[in-house]
Amino acid sequence: MNTFLLPHMQALIELAQQGSFTKAALRLGLSKAAVSQRISELERSVGQTLVARTTRAVRLTEAGQRLVEETTASFAQIAQSLRAAHEDAGQPRGLLRVTAPVALGRQYVAPLIQPFLKRYPEIRIELDLADRLASLASEGFDLAIRHTSKPPETHVAWKLCASRTLLVASEGYLREHPTPTHPRELSQHACLAYLRPGQANWLFERSNTQSAPATPREPERCSVAVRGPLRASNSEALRDAVLADLGIALLPDFSAANALRGGALLELLPQWRPLGFFGEAIFAIHAFSSTTPRPVRLLVEHLQAALQAGFGADKASR
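Below you will find a few notes about this structure. Because the structure is predicted, anything quoted here is derived from the model rather than measured.

Procedures and definitions
- Residues numbered from 1 in each chain as written.
- Predicted model: local features only at pLDDT ≥ 70, side-chain atom pairs only at ≥ 80, totals over all residues.
- Heavy atoms only, no water.
- Pairing = 2+ DSSP bridges.
- Helix = DSSP H or I, 4+ residues; strand = E, 2+ residues; numbered from the N terminus.
- Axes fitted to C-alpha atoms, helices over the stretch in contact; angles between N-to-C directions.
- Contact = heavy atoms within 4.5 Å.
- Phe/Tyr/Trp six-rings, centres within 6.5 Å; stacked < 30°, edge-to-face > 60°.
- Buried < 20%, exposed > 50% of the residue type's maximum accessible area, 1.4 Å probe, protein only.
- Lys NZ or Arg CZ within 6 Å of the ring centre and 35° of its normal.

### Remarks on the sheet that holds strand 4 (residues 123-129)
Argument step 1. Within the open sheet, the 5 strands sit side by side as 4-3-5-15-6. Their pairing is mixed. Because the sheet does not close on itself, it has two edges, and the strands there are strand 4 and strand 6 (155-162). Across this sheet, the average inter-strand angle for adjacent strands is 25 degrees, counted without regard to direction.
Argument step 2. Both strand 6 and strand 15 (residues 281-287) contribute to a ladder of 7 bridges, which runs antiparallel. By the bridge assignment for strand 15, Lys 159 is matched with Phe 283.
Argument step 3. Each of strand 3 (94-100), strand 4, strand 5 (143-148) and strand 15 is contacted by helix 5 (residues 102-119), which is oriented at about 175 degrees to strand 4, the strand it contacts most.

Laid out in structure tokens, this is it:
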């Protein structure tokens, strides 16, 4: 179809949605006669009647309805792209509602938002810190920061950085207790577990590497039931208990990083990888849409740039 007829198609789509020439004209900012003329020119171009006009109502013919159904999505995409281009042309502005886990949000997301807001003074942010998984669609959040190994496939997900689970203890605790050399020895230690239903069982995996293995070998796994004086549903609380020499804990690297760098915490059994505890990456999650609002995109890029180097746990533990 000749691009000259694009405004005519827009008039047909608006007429189908509004149900009258008067309402369609108001939406398009045209006179009723101008809308009628565009429809007539479109009908002459395609060679068939698209709108059945009566004194009481306006309805689309089968051909008109089919044409509208096949082109409405394309016109909506064009309109959305034009809005996005308009946003990109000026100062980014608007309200962003963001949800994040408590520990990660307090330690990293909130501090990183401060320079972002100074850079983009027309953007406002509402930051909700909660460990529950909020629904973006039903609760109106624009972005969710989540610590997970598998983001939901029904959403747009950007990986901000990798993350590890670390087994840590303080020097004070290790002065009073033997340093474990194998996960099964943890059953004889005070272990500070994340609060979950049932008995606390920690699972570890170690790769069986050889200089020239004749056949591939399965990784070695070890599951150990642990107990201790404290279980908590917050990694900061567990970290502080470890710093108080109360025992050994599994922590996400973002909660342990600063204490590891300063030497207050030590990583134990680095050759064993904890399984099934905390996520393996930090993601930014956005409800699926064909285009991403500019403020959302800018915040994701800002967080990625700040977190791509990781939390420093790898360097601190070596």
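### Topic: the packing of aromatic side chains
Argument step 1. Across all of its chains, the model carries 3 aromatic pairs by this definition.
Argument step 2. Aromatic pair Phe 116 and Tyr 120: ring centres 5.1 Å apart, planes at 55 degrees, arrangement tilted.
Argument step 3. Judged by relative accessible area, which is 12%, Tyr 120 ranks as buried.
Argument step 4. Between Trp 202 and Phe 277 the ring centres are 6.4 Å apart and the planes differ by 85 degrees, which places this aromatic pair in the edge-to-face class. Placement of the pair is Trp 202 in strand 9 (residues 201-206) and Phe 277 in the loop between strand 14 (273-275) and strand 15, with a sequence separation of 75 residues.
Argument step 5. A relative accessible area of 15% means that Phe 277 is categorised as buried.
Argument step 6. Lying across the ring of Phe 141, Arg 97 places its NZ or CZ 4.4 Å from the centre.

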